[in-house]
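# Examining the three-dimensional arrangement
Chain by chain, the residues run as shown.
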Amino acid sequence: MGDIVKKSKKPKKEKCRKCDGSGKINDKTCSTCKGTGKRDLLHD
Ligand SMILES: [Zn+2]
């Protein structure tokens, strides 16, 4: 009756490990995060 189904779809972002969140590697845009410095947790 009072059941509320919570569907919290929060896209979790993780700091890109490849560029350590800087978005760049050796002055080149990180291909993993595409320069955002963040990485979608859904993708590996
Ligand atoms: Zn990156």
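Residues numbered from 1 in each chain as written. Predicted model: local features only at pLDDT ≥ 70, side-chain atom pairs only at ≥ 80, totals over all residues.

### Concerning the overall build of the chain
As a reminder, the rule being used: Each helix corresponds to a stretch of at least 4 residues labelled H or I by DSSP, and each strand to a stretch of at least 2 residues labelled E; elements are numbered beginning at the N terminus. Every C-beta atom is placed from the backbone, and the number of other C-beta atoms within 10 Å of a residue's own sets its class: buried at 20 or more, exposed at 12 or fewer, partly exposed in between.
Looking only at helices and strands, the chain has zero helices and four strands in total. Counting from the amino terminus, the chain carries its helices and strands in the arrangement β-β-β-β. Relative to its full complement of 44 residues, the chain shows a buried share of 11%.

### Re the environment of Ser22
Tracing the backbone through its elements, the reader meets Ser22 in the loop between strand E1 (13-15) and strand E2 (24-25). Of the residues examined, Ser22 has 13 C-beta atoms within 10 Å and is grouped as partly exposed. Distance in space between the C-alpha atoms of Ser22 and Gly37 is 5.1 Å, their sequence separation being 15 residues.

Geometric values such as these leave the question of function open.
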